[in-house]
There are 2 protein chains.
Amino acid sequence: AAGPGRAMAAWARAVRGLLLDVSGVLYDSGGDGGAPIAGSVEAVRRIKASGLKLRFCTNETQATREKFVKKLQGMGFDISVAEVTAPAPAACRILKERSLRPHLLVHNDLVPEFAEVDKANPNCVVIGDAAENFTYANLNEAFRVLIGLEKPVLISLGRGRYYKETDGLKLDVGAYMKALEYACDVQAEVVGKPAKMFFESALAEMGVPPQQAIMIGDDIVNDVGGAQQCGMRALQVRTGKYRPCDENHPHVKPDAYVNNLAEAVDIILQQL
Amino acid sequence: AAGPGRAMAAWARAVRGLLLDVSGVLYDSGGDGGAPIAGSVEAVRRIKASGLKLRFCTNETQATREKFVKKLQGMGFDISVAEVTAPAPAACRILKERSLRPHLLVHNDLVPEFAEVDKANPNCVVIGDAAENFTYANLNEAFRVLIGLEKPVLISLGRGRYYKETDGLKLDVGAYMKALEYACDVQAEVVGKPAKMFFESALAEMGVPPQQAIMIGDDIVNDVGGAQQCGMRALQVRTGKYRPCDENHPHVKPDAYVNNLAEAVDIILQQL
């Protein structure tokens, strides 16, 4: 731990807030509900006790925040719905601001997040990680809505390529987003990491400027690259979807590597 | 017809062979099997009677050539399997040349085209217009094969964006190709129009150099653009998937427009 500690010493002293990715940092997901990563429950408690501001920044779109937070609380995490920045509520704000009425291609469990949104006579498509809802018929239906619009608007909740579950790798929302982008010759607007606006709203909710915040995540592009684009420092944990080849990524280099969230919190709290 | 006739006079005299797209030029497809386009049955007969060489060049991958040709014969077309250039047989040649063993994500009715190909322990993925076979489970399975390969090879039978059937627009193979490309960070090798090699093999089978051949199709990019890249002249018919906005395409301009195949044949035969 001397390595990351020394590398971070120079700038970690200024830190006033932390943004934590959830899946792969707090817990590993899976069909059985998943399991906490060793040391992460205690690490979240220590952050809260330290007086640092804290926000959970996730691209999770397979459940409402309520359901998602309940699962994490069940694992022992000190977390509340109000502390979570997630794509669906951010998308709802955008839909309302721009008077967009979405056709939803999302997971059944995410639909309640859009309860307040007018969905009649849709003038855009919102795509999330729909999982089993990514059927041939549903994709054709979303495509027909888009191609029938004079100016197609496609809003994508994240742009992940794939993720791992207990029964194997699954295509993530980004792959289906690309299919619709190509078919309709349109560029999706991504809500969620790595979109700059998404990190900015998480920072605003925390009341901390990017220079005084650190993002901790397992995804080299969506967590680390996205946060750095926003002017934040970013650590990559060697848990979750981390792979050794991430350390040779052609474009993104984290400000430091840590073995896991517990080690990151050790080092950060030592600098305060 | 004075317009296209005059435009074509200068170069149509040199023509020795015609390549015809099938769907949208000979017939309109649909769940009911489709229907011939007015004048096309007679136009094919006139081409054959003229002594011009003729080849049918299709991206059809929802049926074997045998089945496809039978359907067209049933509509009255003078066509045989040996006259058809289609992506699946071209893909089979490539697979054999490069000792590739495919995992197939194709329409059930296309599978017999790959009967002679070793499919055990796959080291590549072949994707066609799988239609109802484009399920969430099948896409994840093809993805896992690809991502598990040291050097992923994805062969796509065409790169169409969408097509129209009697019950509405459907996503074509290109959209699903893009999803897998993105998820695996790989570039698909396209077999079929607009690939240069595909047109070249059709020309070779006809024994006519590109300068003496004319492609007639309804697809501005895959038919017209692809053939022109190959050094051929190309006509766009105003049938099938033709849309008036094709005439303002930013990159591709046909050598002439014709209302339909019958008119194209009228004009070409007048020049001989």
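Residues numbered from 1 in each chain as written. Chains lettered and ligands numbered in written order. Predicted model: local features only at pLDDT ≥ 70, side-chain atom pairs only at ≥ 80, totals over all residues. Heavy atoms only, no water.

This part covers the overall build of chain A. Looking only at helices and strands, chain A features 9 helices and 14 strands. Expected size for 272 residues packed as a compact globule is a radius of gyration near 19 Å; at 19 Å, chain A falls within 12% of this value. Seen through its C-alpha atoms, chain A measures out along the principal axes to roughly 55 × 35 × 35 Å. The buried share among the 272 residues of chain A stands at 58%. Accessible surface for chain A amounts to roughly 11300 Å². Of this, 49% is attributable to carbon and sulfur atoms. Separation of charge centres in chain A, based on 31 positive and 33 negative side chains, amounts to 4 Å. (Helix = DSSP H or I, 4+ residues; strand = E, 2+ residues; numbered from the N terminus. Rg over C-alpha atoms; globule rule 2.2 N^0.38 Å. Buried < 20%, exposed > 50% of the residue type's maximum accessible area, 1.4 Å probe, protein only. Areas by Shrake-Rupley, 256 points an atom, 1.4 Å probe, with all protein chains shown as cover. Lys, Arg positive; Asp, Glu negative; His and termini not counted. Charge placed at Lys NZ, Arg CZ, Asp CG, Glu CD.)

Take chain A, turn it by 180 degrees, move it 0.0 Å along the axis, and it overlays chain B with an RMSD of 0.1 Å. In short, the pair behaves as if placed about a two-fold rotation axis. A symmetric contact is evident, with 100% of the interface residues of chain A recurring at the interface of chain B. (Least-squares fit on C-alpha atoms with pLDDT ≥ 70 in both. Contact = heavy atoms within 4.5 Å.)

Looking now at the interface of chain A and chain B. Between chain A and chain B, the residue contacts involve 30 residues of the former and 30 residues of the latter. Between chain A and chain B the total buried area reaches about 2600 Å² when both faces are included, carbon and sulfur atoms providing 63% of it. Among the residues chain A hides against chain B, the three largest losses belong to Tyr-136, Leu-171 and Tyr-182 of chain A. Together they make up 32% of the total. Across the chain A-chain B interface, the total number found is 0 salt bridges. Examining the composition of the side of chain A that touches chain B, we find that 9 residues originate from one element, helix α6 (residues 173-184) of chain A, more than from any other. Tallied by class, residues from the side of chain A that touches chain B come to 17 nonpolar, 5 polar and 8 charged. (Buried area = accessible area lost by both parts, 1.4 Å probe. Salt bridge = Lys/Arg side-chain N within 4 Å of Asp/Glu carboxyl O. Nonpolar A, V, L, I, M, F, W, Y, C, P; charged D, E, K, R; others polar.)

What follows covers helix α8 (residues 220-229) of chain A. Residues and elements named next belong to chain A. With 7 of its 10 residues buried, α8 lies for the most part within the structure. Listing the buried residues of α8 in full gives Ile-220, Asn-222, Asp-223, Val-224, Gly-225, Gly-226 and Ala-227. In the segment just after α8, Gly-231 is the residue with positive phi, at about 90 degrees.

Attention shifts here to the side chain of Thr-58 of chain A. Position of Thr-58 of chain A relative to the elements: it lies in the loop between β4 (53-57) and α3 (65-74). For Thr-58 of chain A, a relative accessible area of 3% translates into the label buried.

Residues and elements named next belong to chain B. In spatial order, the strands read β6-β7-β8-β11; together these 4 strands make up an open sheet with parallel pairing. The open sheet has two edge strands, β6 (102-105) and β11 (189-191), and neither has a second partner. In this sheet, neighbouring strand axes are inclined to one another by 25 degrees on average, regardless of whether the strands run parallel or antiparallel. Looking at chain direction, β6 and strand β7 (residues 124-127) are connected through 4 bridges and run parallel. The partner of Leu-105 across the bridge, within β7, is Ile-127. Contacts from helix α6 (residues 173-184) reach β7, β8 (154-157) and β11 within the one sheet, and its direction differs from that of β8 by about 170 degrees. (Pairing = 2+ DSSP bridges. Axes fitted to C-alpha atoms, helices over the stretch in contact; angles between N-to-C directions.)

Turning next to the packing of helix α5 (residues 136-147) of chain A against α6 of chain A. All names here are of chain A. At a minimum axis separation of 10 Å, α5 and α6 run at an interaxial angle of 40 degrees. Overall, the two elements α5 and α6 adopt an arrangement that is oblique. Between α5 and α6 lies a crossing of right-handed hand. Note on element contacts: α6 touches α5 through Tyr-176, Leu-180, Ala-183 and Cys-184, opposite Leu-139, Ala-142, Phe-143, Leu-146 and Ile-147. The class makeup of the residues in the contact of α5 with α6 is 9 nonpolar, no polar and no charged. (Parallel < 35°, antiparallel > 145°, perpendicular 65-115°, else oblique. Left-handed = near helix turned anticlockwise from the far one by under 90°.)

This paragraph deals with the pattern of salt bridges. Residues and elements named next belong to chain A. Across all of its chains, the model carries 26 salt bridges over all chains by this definition. For the salt bridge of Lys-48 with Glu-83, the shortest nitrogen-to-oxygen distance reads 2.7 Å. Placement of Lys-48 in helix α2 (residues 40-50) and of Glu-83 in the loop between α3 and β5 (84-85) is noted, with a sequence separation of 35 residues between them. Residue class for Glu-83 comes out buried when judged on its relative accessible area of 18%. Ionic contacts of the salt-bridge type, sharing partners, join the residues Asp-21, Lys-193 and Asp-223 into one network.

Where α6 of chain A meets α6 of chain B, the axes come as close as 7 Å, and the angle between the chain directions of the two elements is 140 degrees. By the angle between their axes, α6 of chain A is oblique relative to α6 of chain B. Remark: the crossing between α6 of chain A and α6 of chain B carries right-handed chirality. Counting all contacts with α6 of chain A, which are made through Gly-174, Ala-175, Lys-178, Ala-179, Tyr-182 and Ala-183 of chain A, the residues of α6 of chain B involved are Gly-174, Ala-175, Lys-178, Ala-179, Tyr-182 and Ala-183 of chain B. Classifying every residue of the contact of α6 of chain A with α6 of chain B by side-chain character gives 8 nonpolar, 2 polar and 2 charged.

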